Amino acid sequence: MAKQRNASQSRSNALLSLLFRSAILVAVLSLALTYLNNSLWSRITERLGRDLDKYVRGSSSHVCRQAAKLSPTNTKSERFVRGKVESPAYHAEIIQKLSGIIQIPSESYDELGPIGTDDRWNVFYRIEAFIKSKYPKVLEKAVLEHANTHGLVLTWNGSLPSSQAKPLLMLAHQDVVPVLADTVQDWTHPPYQGHFDGEIIWGRGATDDKGYMISILESVDLLMKSGFEPKRTVILAFGCDEEISGENCGRPIADFLHRRYGDEGIYLIMDEGSMGIQKEFNQSFAMVSVAEKGYLDIGINVTSTGGHASTPPDHNVIGIMSEIVLAIEENAFPGRVTTKNPMFGFLECAAVHAPPSSMPLAVRKRLSSVARGDAHAETQLARDLDDMRYYFRTSQSVGKMSGGVKINAIPEIASSMVNLRLAVESSISLVQQHYENLVRPIAQKHGMVFEGFQSSYESTERRKVSLYGVDALEPAPVSPLDSESWRVLSGTIRNTLRPLDDDNELIVTPYLMPANTDTKFFWALTKNIYRFTPINLVENLNRAHTTNEFIRADEFVREPLFFATLILNADDAVQAGD
């Protein structure tokens, strides 16, 4: 009994002690909460509130603040151009010009030989002759020069030297992707007829990129006819091989201009952009690509000894190559949204300007976390937006594979090529390291020599796996959104272009170009490189490079107004300085 009483007393004492300690803890927590409510807690909630408030439609924050509509001071020239683009007679004239240049099949082929030795380049003499015949005023006032024969550079010299007013450079390309003979019958109208049905202009190059080139020429032609004399030099440059990497014209043009104007010698570069005006999150956006993904083709060779198919090895080179391809596809690059990616800026614009119901609150919250550098939120946001995955990750596509020459012979070599478009945050070295880490263990598993990208010598061993890179290009530098050039460009867009419906305003947003343009050669000339096609591309966005490429006439005829206004506004900016 005594033991029981002692045990009961001990339990009672322990309980009283626990209650006493709990009371002290409650008192301490109460004081802490009082302090938090009055100080730290209010700061935490204030911070969270600020993060969410800046992604609320109509917020007064600096997120995706829109430039004011920018009208040129030269109202005489502006009225002249506006009058033309609203004239049915002018519509017929410019449509006829686009139709005519579409009829010149200026196709560029991957296997073209050097200019001057391969006769297929000669079609570009017809493009030059067409420009000269249709734009005599331009050729009278602008100086035409050539880079590697078919790269055309037209310079409309301003009254001020480039040291006082850096030139404005507008790019386009003369070439188109070939039309496969087997697909001609699939076209509504023949691909090189340039058919106009009253609403649509059909043909290869209508959108990519002859419509853009004609619009640039028209803008300069109209300004010249209006009597405008620029202070800032205006340069038009037309490549001949943008569709096959640009080495024959794009690079020579860039080198030509760099020798003349030097590093940072250009005010602003305009080139085609893949998105144009689109509607996303129930809001009209003018999507200006301020960067491009990188590019890399990776070649893989697996070699071994051959022999008769009656006594095959357990795994021949085709089987080993299949194992490598499977490993590549099963180890896709992860996606993440970071503040370095221009697409983060687009998402911010959508959060601030699109209807609240179009973007879930969870996405808005993740934007706030990403803005603070939260790595988990970067990954999760990419998952939330999986339909846009290739704007947030490095893409990879096995595009070519070959191996074996006879069914009863053991193949001695298997080869494949993988095309990659590098995410903004990635690099060529990171991608190469990833592939080496995937392929090396497979080579070792099969007792084969492994040769990576940086191998200093080529092994004479027959059984080996080799990796090599082709056409490597780092992701493009991201062009600034706080420059005078961006203000001029975005103000021009808002002044001249229309939203996709009357209930919306047009929001100018940064965007990312998943493919590459000739601008990849021009990085040294300026940081202000913008890729934008100033029309509604909703219907024909995916028609370039395939059958039934087209452009809507009512959109196309207004393009010269945008380019002409950009020239006028850039000229006005000379007074403020570059």
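Residues numbered from 1 in each chain as written. Predicted model: local features only at pLDDT ≥ 70, side-chain atom pairs only at ≥ 80, totals over all residues. Heavy atoms only, no water.

(A) Representation of the sheet that holds strand E13 (residues 413-422) within the structure. Pairing is mixed in the open sheet, where five strands are placed in the order E11-E13-E9-E15-E14. Since the sheet does not close on itself, it has two edges, and those belong to strand E11 (395-403) and strand E14 (449-451), each with one partner. Ignoring which end each strand starts from, the neighbouring axes of this sheet average 15° apart. Lying over the sheet, helix H9 (residues 317-330) contacts strand E9 (294-303), E11, E13 and strand E15 (464-473), oriented at roughly 150° with respect to E9. (Pairing = 2+ DSSP bridges. Helix = DSSP H or I, 4+ residues; strand = E, 2+ residues; numbered from the N terminus. Axes fitted to C-alpha atoms, helices over the stretch in contact; angles between N-to-C directions. Contact = heavy atoms within 4.5 Å.)

(B) Quick look at the pairing of strand E3 (residues 168-173). In terms of burial, E3 is a largely internal element, six of the six residues being buried. Going residue by residue along E3, you find Leu168, Met170 and Ala172 tucked away on one face and Leu169, Leu171 and His173 tucked away on the opposite face as well. Bridge count between E3 and strand E5 (residues 234-239): six bridges; the pairing is parallel. Considered in E5, the bridge of Ala172 is made with Phe238. Strand direction decides the pairing type here: E3 and strand E6 (residues 268-271), joined by three bridges, are parallel. By the bridge assignment, Leu169 is partnered in E6 with Ile269. (Buried < 20%, exposed > 50% of the residue type's maximum accessible area, 1.4 Å probe, protein only.)

(C) Seen up close, the UniProt feature "active site" (unreviewed entry) in the protein. Within the UniProt annotation, "active site" (unreviewed entry) is assigned to Asp175 and Glu242. Their sequence span is 68 residues, while the largest C-alpha to C-alpha distance among them is just 6.8 Å; these annotated residues converge on one region. Topologically, Asp175 is positioned in the loop between E3 and strand E4 (200-202). Note on Asp175: relative accessible area 0%, which makes it buried. Position of Glu242 relative to the elements: it lies in the loop between E5 and helix H8 (250-261). Within polar-contact distance, the side chain of Glu242 engages the side chain of His173 at 3.2 Å. (UniProt positions renumbered as here; feature names shortened; annotations may be inferred. Polar contact = N/O pair within 3.5 Å; in protein donor to acceptor, adjacent residues only side chain to side chain.)

(D) Quick look at the packing of helix H4 (residues 88-102) against helix H5 (residues 123-134). It is at 10 Å that the axes of H4 and H5 come closest, and there the two elements cross at 160°. It follows that H4 is roughly antiparallel to H5 by the angle criterion. Judged by the twist between their axes, the crossing of H4 over H5 is right-handed. Residues Lys97, Gly100 and Ile101 of H4 lie in contact with H5, whose contacting residues are Ile127, Phe130 and Lys134. Counted by class, the contact of H4 with H5 contains three nonpolar, one polar and two charged residues. (Parallel < 35°, antiparallel > 145°, perpendicular 65-115°, else oblique. Left-handed = near helix turned anticlockwise from the far one by under 90°. Nonpolar A, V, L, I, M, F, W, Y, C, P; charged D, E, K, R; others polar.)

(E) Quick look at the side chain of Arg204. With respect to the secondary-structure elements, Arg204 resides in the loop between E4 and helix H7 (210-226). Under the relative-accessibility criterion, Arg204 is labelled buried at 3%. A distance of 3.1 Å separates a polar side-chain atom of Arg204 from the backbone oxygen of Val177. Leave out the neighbours within four places in its chain, and Arg204 touches Ile102, Val176, Val177, Pro178, Val179, Trp187, Pro191, Tyr192, His545, Thr546 and Glu549.

(F) Just the nonpolar core, in detail. Ranked by internal contacts, the top residues of the largest apolar core, which has 76 residues, are Met270, Leu489 and Ile493. Broken down by element, the residue count for this core peaks at nine residues, all from H7. The contact partners of Leu489, leaving out residues within four places of it in the chain, are Leu268, Met270, Val288, Tyr530, Phe562 and Leu566. Counting residues in hydrophobic clusters, the runner-up holds 33 residues, among them Val352, Val370, Ala377 and Leu381. (Core = buried A, V, L, I, M, F, W, Y, C linked by side-chain atoms within 4.5 Å.)

(G) View of the packing of helix H11 (residues 361-371) against helix H12 (residues 375-384). Where H11 contacts H12, the axes come no closer than 9 Å and their chain directions differ by 145°. The chirality of how H11 crosses H12 is left-handed. Contact residues: H11 offers Val363, Arg366, Leu367, Ser369 and Val370, while H12 offers Ala377, Glu378, Gln380, Leu381 and Asp384. Its residues placed into classes, the contact of H11 with H12 shows five nonpolar, two polar and three charged.

(H) View of the packing of aromatic side chains. Under the counting rule described, the total for this entry stands at 12 aromatic pairs. With a centroid separation of 5.1 Å and 80° between ring planes, the pair formed by Tyr212 and Phe563 is classed as edge-to-face. Of this pair, Tyr212 sits in helix H7 while Phe563 sits in helix H16 (residues 559-572); the two residues are 351 residues apart in sequence, bridging distant segments of the chain. One exposure class covers both Tyr212 and Phe563, and it is buried. With 5.1 Å between their ring centres and 70° between their planes, Phe562 and Phe563 make a pair best called edge-to-face. Overall, Phe562 belongs to the buried group, its relative accessible area being 0%. (Phe/Tyr/Trp six-rings, centres within 6.5 Å; stacked < 30°, edge-to-face > 60°.)

(I) Structural context of the state of the cysteines. For the structure on display, the rule yields two disulfides. A sulfur-sulfur distance of 1.9 Å marks the disulfide that ties Cys64 to Cys349. An S-S torsion of about 95° defines the bridge between Cys64 and Cys349 as right-handed. Residue Cys64 is found in the loop between helix H2 (40-53) and helix H3 (75-85), and its partner Cys349 is found in helix H10 (residues 342-353); the two are separated by 285 residues along the sequence. A relative accessible area of 15% means that Cys64 is categorised as buried. Given a relative accessible area of 2%, Cys349 falls into the buried group. The disulfide that involves Cys240 links it to Cys249, with 2.0 Å between the sulfurs. Residues Cys240 and Cys249 are joined through a disulfide that is right-handed, its torsion about the S-S bond being 90°. (Disulfide = S-S within 2.5 Å.)

(J) Focus on the pattern of salt bridges. Applying the stated rule across the entire model yields 24 salt bridges. The partner of Arg366 in a salt bridge is Asp384, and the shortest N-O contact between them spans 2.4 Å. With Arg366 in helix H11 and Asp384 in helix H12, the pair connects residues that are 18 residues apart, well separated along the chain. According to the relative accessible area criterion, Arg366 is partly exposed, its value standing at 24%. (Salt bridge = Lys/Arg side-chain N within 4 Å of Asp/Glu carboxyl O.)

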